[in-house]
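# Tertiary structure, described
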Amino acid sequence: TMRDLGLDKNSIVVFYGDHGEGFDHNYFFAHGQVLYNSSIKIPFIIKMPQQKNGKENPTFINNTDILPALLSLLEIKHPLEIDGKNFLSGEKRDRSYFQTYDLKKFAIIDGRYKFIYSLPDSCLKNGQTEELYDTKIDPQENSDLKNKQNDIAKNLREQLNHYINQFNMYRSSNIKVEK
């Protein structure tokens, strides 16, 4: 339809999803209730006017990174302070934070590691509230390293707790830093 109306000649089309689906980890079929890669990695496509072929960009981005990227494509200067990174110009995130819609699960990805904290009433793993994964060697998040890499887990837990408290998220005081 866009081609028939001639809109493909000067339109940028953006397609993305708000979250994936949790069709993993013991077949936990959920809609936005887990923070595993299957739920937080989403489709994201930008189609430029007259573009014939695309290329994949492996940069890890958040939804907040879409606006700065689109503004730069449109060469629009803005006076706003925006949390997002313009990944199209090479800006990258040091870490990213996630939470479920009901604020019962929180996660941080810092480089190669992901730390997930679940409130006790939302645990999927027999009451285990914390999980740690090396997403470089275990992208499917099958091997929980929480007990093997306690120093990494403690550091990420502290960063996550700071983030949650900074934004005064619901029930944030339930996250405890182990000594």
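An account of the accompanying structure is given in this report.

Cut-offs and rules
- Residues numbered from 1 in each chain as written.
- Predicted model: local features only at pLDDT ≥ 70, side-chain atom pairs only at ≥ 80, totals over all residues.
- Heavy atoms only, no water.
- Core = buried A, V, L, I, M, F, W, Y, C linked by side-chain atoms within 4.5 Å.
- Buried < 20%, exposed > 50% of the residue type's maximum accessible area, 1.4 Å probe, protein only.
- Contact = heavy atoms within 4.5 Å.
- Salt bridge = Lys/Arg side-chain N within 4 Å of Asp/Glu carboxyl O.
- Helix = DSSP H or I, 4+ residues; strand = E, 2+ residues; numbered from the N terminus.
- Patch = residues over 30% accessible without salt bridge, like charges linked within 9 Å, V, L, I, M, F, W, Y side chains within 5 Å.
- Areas by Shrake-Rupley, 256 points an atom, 1.4 Å probe, with all protein chains shown as cover.
- Polar contact = N/O pair within 3.5 Å; in protein donor to acceptor, adjacent residues only side chain to side chain.

### Examining the nonpolar core
Soluble globular proteins: nonpolar side chains tend toward being buried together. Among the nonpolar cores identified, the biggest contains 14 residues, and Phe106, Phe115, Tyr117, Leu132, Leu156, Leu160 and Ile164 are the most heavily contacted of them. Setting aside chain neighbours within four positions, we find Leu156 in contact with Ile108, Asp110, Tyr113, Phe115 and Leu132. Tyr36, Ile40, Ile109 and Ile116 belong to the second largest nonpolar core, which has nine residues in total.

### Some points on the pattern of salt bridges
Under the definition given, this model contains seven salt bridges. Among the ionic pairs, Asp8 bridges to Lys9, the shortest N-O distance being 3.9 Å. For the salt bridge of Lys154 with Glu158, the shortest nitrogen-to-oxygen distance reads 3.2 Å. With Lys154 and Glu158 both in helix α3 (residues 150-166), this residue pair falls four residues apart, about one helical turn. Look at the salt bridges and you will find they share partners, linking Glu130, Lys146 and Arg157 into a network.

### Quick word on a nonpolar patch on the surface
Together, Met2, Leu5, Leu7 and Val13 line one region of the surface with nonpolar side chains, adding up to about 330 Å² of accessible area. Looking at the secondary structure, you find Leu7 in the segment before β1 (13-16).

### Structural notes on the side chain of Asp65
Turning to its location among the elements, Asp65 is positioned in the loop between β2 (44-47) and α2 (66-73). Judged by relative accessible area, which is 1%, Asp65 ranks as buried. In this structure the side chain of Asp65 is engaged in a polar contact, spanning 2.7 Å, whose partner is the backbone nitrogen of Asn62. Non-local contacts of Asp65, meaning those with residues more than four positions away in its chain, are made with Gly84, Lys85, Phe87 and Arg93.

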